Amino acid sequence: MGIFSAILGNAGAVDKDTLVKDYGKLLITGETVELGFKLIRDTFIFTNKRLILVEKQGLTGSKIEYKSITYKSISRFSIETAGTFDLEAELKIWVSSEVNPSIVKQFNKSVNVYDVQNVLAHHVLG
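Residues numbered from 1 in each chain as written. Predicted model: local features only at pLDDT ≥ 70, side-chain atom pairs only at ≥ 80, totals over all residues. Heavy atoms only, no water.

### Considerations on the environment of A13
Point 1. In this fold, A13 is placed in strand β1 (residues 10-13).
Point 2. With 31 residues separating them along the chain, A13 and F44 place their C-alpha atoms 9.8 Å apart.
Point 3. When residues no more than four places from it in sequence are discounted, the contact partners of A13 are G36, F37, S110 and V111. (Helix = DSSP H or I, 4+ residues; strand = E, 2+ residues; numbered from the N terminus. Contact = heavy atoms within 4.5 Å.)

The following block contains the structure:
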(Lines give C-alpha, C1' and ligand atoms only; values in the text may rest on other atoms or scores of the structure.)
Protein backbone atom coordinates (compact mmCIF):
# COMPACT_ATOMS: atom_id res chain seq x y z
CA MET A 1 0.00 0.00 0.00
CA GLY A 2 3.05 2.30 0.12
CA ILE A 3 2.64 3.68 -3.41
CA PHE A 4 -1.12 4.05 -2.94
CA SER A 5 -0.48 5.90 0.31
CA ALA A 6 2.04 8.18 -1.41
CA ILE A 7 -0.40 8.93 -4.23
CA LEU A 8 -2.95 10.04 -1.65
CA GLY A 9 -0.36 12.46 -0.27
CA ASN A 10 0.42 10.69 2.98
CA ALA A 11 3.80 11.45 4.50
CA GLY A 12 6.50 8.95 5.38
CA ALA A 13 9.39 9.42 7.78
CA VAL A 14 12.84 10.41 6.45
CA ASP A 15 16.01 9.74 8.41
CA LYS A 16 17.89 12.71 9.88
CA ASP A 17 21.13 12.14 7.93
CA THR A 18 19.29 12.33 4.59
CA LEU A 19 17.53 15.53 5.66
CA VAL A 20 20.79 17.16 6.77
CA LYS A 21 22.47 16.09 3.51
CA ASP A 22 19.64 17.47 1.36
CA TYR A 23 18.67 20.57 3.38
CA GLY A 24 21.63 21.31 5.65
CA LYS A 25 22.18 24.62 3.84
CA LEU A 26 18.91 25.86 5.36
CA LEU A 27 20.06 25.28 8.94
CA ILE A 28 21.68 27.96 11.09
CA THR A 29 24.56 27.39 13.49
CA GLY A 30 23.37 25.26 16.41
CA GLU A 31 20.20 24.13 14.62
CA THR A 32 19.64 20.39 14.42
CA VAL A 33 17.09 18.21 12.66
CA GLU A 34 14.82 16.32 15.06
CA LEU A 35 12.25 14.73 12.75
CA GLY A 36 11.30 14.90 9.06
CA PHE A 37 8.73 13.61 6.62
CA LYS A 38 8.39 13.44 2.86
CA LEU A 39 5.32 13.55 0.69
CA ILE A 40 5.54 12.84 -3.02
CA ARG A 41 7.04 16.26 -3.82
CA ASP A 42 7.19 18.06 -0.48
CA THR A 43 9.22 17.65 2.70
CA PHE A 44 8.71 19.03 6.16
CA ILE A 45 11.40 19.16 8.79
CA PHE A 46 11.14 19.72 12.53
CA THR A 47 14.34 21.25 13.91
CA ASN A 48 15.20 22.33 17.43
CA LYS A 49 14.41 25.93 16.36
CA ARG A 50 11.56 25.85 13.79
CA LEU A 51 9.45 23.95 11.31
CA ILE A 52 10.74 24.04 7.73
CA LEU A 53 8.36 23.22 4.86
CA VAL A 54 9.93 22.44 1.49
CA GLU A 55 7.29 22.68 -1.24
CA LYS A 56 8.10 21.83 -4.86
CA GLN A 57 5.95 23.75 -7.32
CA GLY A 58 5.06 23.56 -10.98
CA LEU A 59 4.87 20.57 -13.29
CA THR A 60 8.58 19.80 -13.15
CA GLY A 61 9.07 20.62 -9.47
CA SER A 62 12.08 22.77 -10.34
CA LYS A 63 10.67 25.76 -8.44
CA ILE A 64 10.97 25.21 -4.69
CA GLU A 65 9.54 27.27 -1.85
CA TYR A 66 11.12 27.03 1.61
CA LYS A 67 8.79 28.12 4.42
CA SER A 68 10.15 28.68 7.90
CA ILE A 69 7.70 28.72 10.80
CA THR A 70 8.96 29.48 14.27
CA TYR A 71 7.45 27.36 17.01
CA LYS A 72 6.41 30.48 18.93
CA SER A 73 4.13 31.50 16.03
CA ILE A 74 2.20 28.22 16.26
CA SER A 75 -0.91 28.97 18.29
CA ARG A 76 -2.33 25.42 18.35
CA PHE A 77 -2.18 22.05 16.64
CA SER A 78 -4.16 18.85 16.50
CA ILE A 79 -3.70 15.25 15.48
CA GLU A 80 -6.50 13.04 14.29
CA THR A 81 -5.98 9.30 14.17
CA ALA A 82 -7.61 6.53 12.11
CA GLY A 83 -9.41 6.99 8.85
CA THR A 84 -9.86 5.49 5.42
CA PHE A 85 -7.59 4.54 2.51
CA ASP A 86 -4.57 3.75 4.73
CA LEU A 87 -4.72 7.23 6.27
CA GLU A 88 -3.58 6.71 9.82
CA ALA A 89 -3.29 10.28 11.07
CA GLU A 90 -3.68 13.92 10.12
CA LEU A 91 -1.77 16.84 11.58
CA LYS A 92 -3.21 20.37 11.60
CA ILE A 93 -1.21 23.42 12.63
CA TRP A 94 -2.59 26.92 13.17
CA VAL A 95 -0.16 29.83 12.83
CA SER A 96 -0.83 32.93 14.90
CA SER A 97 -4.53 33.70 15.20
CA GLU A 98 -5.75 32.17 11.93
CA VAL A 99 -9.22 30.63 12.02
CA ASN A 100 -8.38 27.74 9.68
CA PRO A 101 -5.25 25.60 9.98
CA SER A 102 -2.29 26.97 8.02
CA ILE A 103 -0.79 23.52 7.57
CA VAL A 104 -2.56 20.20 7.10
CA LYS A 105 -0.49 17.05 6.56
CA GLN A 106 -1.51 13.41 6.35
CA PHE A 107 0.66 10.60 7.66
CA ASN A 108 0.73 6.96 6.67
CA LYS A 109 1.03 4.15 9.18
CA SER A 110 4.85 4.18 8.98
CA VAL A 111 4.85 7.41 11.01
CA ASN A 112 4.24 7.48 14.74
CA VAL A 113 2.08 10.60 14.93
CA TYR A 114 2.64 10.73 18.68
CA ASP A 115 6.34 11.41 18.01
CA VAL A 116 5.27 14.34 15.84
CA GLN A 117 2.91 15.56 18.54
CA ASN A 118 5.65 15.21 21.13
CA VAL A 119 8.11 17.36 19.13
CA LEU A 120 5.47 20.03 18.54
CA ALA A 121 4.32 20.03 22.16
CA HIS A 122 7.91 20.24 23.40
CA HIS A 123 8.63 23.32 21.29
CA VAL A 124 5.25 25.07 21.35
CA LEU A 125 4.67 24.61 25.07
CA GLY A 126 8.31 24.92 26.15
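### Topic: the nonpolar core
Point 1. Of all hydrophobic cores here, the largest spans 20 residues; its most connected members are F37, F46, L51, F107 and V116.
Point 2. When residues of this core are traced back to their parent elements, those giving at least two are β2 (33-38), β3 (43-47), β4 (50-57), β7 (89-95), β8 (103-107) and α3 (113-125).
Point 3. Beyond its immediate stretch of four places on either side in the chain, L51 contacts F44, I45, F46, K67, S68, I69, Y71, I93 and I103.
Point 4. Within the second largest apolar cluster, eight residues are counted, among which are L19, Y23, L27 and I52. (Core = buried A, V, L, I, M, F, W, Y, C linked by side-chain atoms within 4.5 Å. Buried < 20%, exposed > 50% of the residue type's maximum accessible area, 1.4 Å probe, protein only.)

### Side note on the pattern of salt bridges
Opposite charge on two side chains lets them pair, provided their charged atoms get close.
Point 1. A complete count under the given rule lists three salt bridges for this structure.
Point 2. Residue E31 pairs with R50 through a salt bridge whose shortest N-O separation is 2.7 Å. Here E31, found in the loop between α2 (16-23) and β2, pairs with R50, found in strand β4; they are 19 residues apart in sequence, far enough to count as distant.
Point 3. The shortest N-O distance in the salt bridge between E55 and K67 comes to 3.5 Å. Of the two residues, E55 sits in strand β4 while K67 sits in strand β5 (residues 63-70), which places them twelve residues apart along the sequence.
Point 4. Relative accessible area serves as the criterion here: at 17%, E55 is assigned to the buried category.
Point 5. Relative accessible area serves as the criterion here: at 33%, K67 is assigned to the partly exposed category. (Salt bridge = Lys/Arg side-chain N within 4 Å of Asp/Glu carboxyl O.)

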